[in-house]
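Secondary and tertiary structure notes
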Amino acid sequence: MQNRRGGDLSGGQQQQLAIGRALLGNPQLLLMDEPTEGIQPSIILEIEAAVRNIVNKRGIGILLVEQHLHFVKQADYYYAMQKGGIVASGNTASLTKEIIQSYLSV
């Protein structure tokens, strides 16, 4: 795919390309705003694996804004926001069904 233009790639491929471009500068913190939005489920799993790989191999911190809960649960910490303020936070392992229903459900 080396000779293909970014605009000719699928949405998932474009997202992966954007992550790769962001990593070129060797950042200490990577900001990701809904990297799985509009991406087909099988590609979401690839993006999740890539993010885990980045954290494990490069030691980069990631600030992730995401609606897919299974993706969020892989993080170390979570912060739930409403109307610009943090309404819940903690270790992701302590993220309970009550918190999810109160703040993260529609």
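The text that follows walks through the structure, step by step, so that each part is easy to find. Only a predicted model underlies this, so the values are computations on that prediction, with no experimental measurement involved. (Residues numbered from 1 in each chain as written. Predicted model: local features only at pLDDT ≥ 70, side-chain atom pairs only at ≥ 80, totals over all residues. Heavy atoms only, no water.)

**Quick word on the side chain of Glu34**
The cut-off we apply is this: Elements are defined by DSSP. Helices are runs of H or I of four residues or more, strands are runs of E of two residues or more, and each kind is numbered from the N terminus. Note on contacts: a residue pair qualifies if any of its non-hydrogen atoms lie within 4.5 Å across the two residues.
Along the chain, Glu34 falls in the loop between β1 (29-33) and α2 (41-58). Not counting the four nearest positions on each side in its chain, Glu34 is found in contact with Gln15, Val65, Glu66 and Gln67.

**With respect to the nonpolar core**
Heads up, the condition is: The set of buried Ala, Val, Leu, Ile, Met, Phe, Trp, Tyr and Cys residues whose side-chain atoms join them within 4.5 Å is what this entry labels a nonpolar core. Burial status follows relative accessibility: with a 1.4 Å probe on protein chains alone, a residue under 20% of its type maximum counts as buried, one over 50% as exposed, and anything between as partly exposed.
In this structure, Ile19, Leu23, Leu30, Met32, Ile39, Ile43, Ile44, Ile47, Val51, Ile54, Ile60 and Phe71 together form the largest nonpolar core, which totals 12 residues. Those elements that provide at least two residues to this core are α1 (11-23), β1 and α2. Broken down by element, this core gets its largest block of residues, five residues, from α2. Sequence-distant contacts of Val51, that is, excluding residues within four places in its chain, are made with Met32, Ile62 and Phe71.

**Re the packing of α1 against α2**
Which entries qualify depends on this criterion: Every angle, taken between N-to-C directions, lies between 0 and 180 degrees, and every axis is a line fitted to C-alpha atoms, over only the stretch in contact when it is a helix. Each angle is binned into one of four classes, with values under 35 degrees roughly parallel, values over 145 roughly antiparallel, values of 65 to 115 roughly perpendicular, and all other values oblique. Crossing handedness is read from the near helix: turned anticlockwise from the far helix by less than a right angle, it gives a left-handed crossing, and turned clockwise, a right-handed one. Note that Gly is not counted as nonpolar here; it falls among the polar residues with everything else outside the nonpolar set of Ala, Val, Leu, Ile, Met, Phe, Trp, Tyr, Cys and Pro and the charged set of Asp, Glu, Lys and Arg.
The interhelical angle for the contact between α1 and α2, taken along N-to-C directions, is 15°, at an axis separation of 10 Å. Considering their axes alone, α1 and α2 lie roughly parallel with respect to each other. Between α1 and α2 lies a crossing whose hand is right-handed. Of the residues in α2, those touching α1 at Gly12, Gln15, Gln16, Ile19 and Leu23 are Ile43, Glu46, Ile47, Ile54 and Arg58. The residue makeup of the contact of α1 with α2, split by class, is five nonpolar, three polar and two charged.

**Notes on the pairing of β1**
Quick note on the threshold: At least two bridges found by DSSP between two strands is the condition for calling them paired.
By the alternation rule, side chains of β1 split into Leu30 and Met32, which are all buried, and Leu29, Leu31 and Asp33, of which none is buried. Inspection of the sheet shows β1 paired to strand β2 (residues 61-65) by five bridges, in the parallel sense. Within β2, the residue paired with Leu31 across the bridge is Leu63.

**Structural notes on the pairing of strand β4 (residues 85-91)**
Direction of pairing for strand β3 (residues 77-82) relative to β4: antiparallel, over a ladder of six bridges. Within the sheet, the bridge partner assigned to Tyr78 lies in β4 and is Gly90. Taken together, β3 and the strand that follows it, β4, pair antiparallel across an intervening segment of two residues, in which Lys83 is found at a positive phi of about 50°.

**Remarks on the layout of surface pockets**
Quick reminder of the rule: In this analysis a 1.4 Å probe is tested at points of a 1 Å grid over the protein atoms alone, and where it fits but cannot get out there is a cavity; an open set with protein on both sides within 12 Å along at least five of seven lines is a pocket; lining residues have an atom within 4 Å of a point. Grid points are joined across faces, edges and corners, and a volume is the space filled by probe spheres set on the points.
Its boundaries defined by the atoms lining it, the largest pocket holds a volume of some 1,000 Å³. In this structure, the largest pocket is lined by 30 residues; those nearest its centre are Leu64, Val65, Val72, Ala75 and Tyr77. For the lining of the largest pocket, the elements supplying multiple residues, two or more each, are α2, β2, α3 (69-72), β3 and α4 (97-104). When grouped by side-chain class, the residues that make up the lining of the largest pocket number 20 nonpolar, five polar and five charged.

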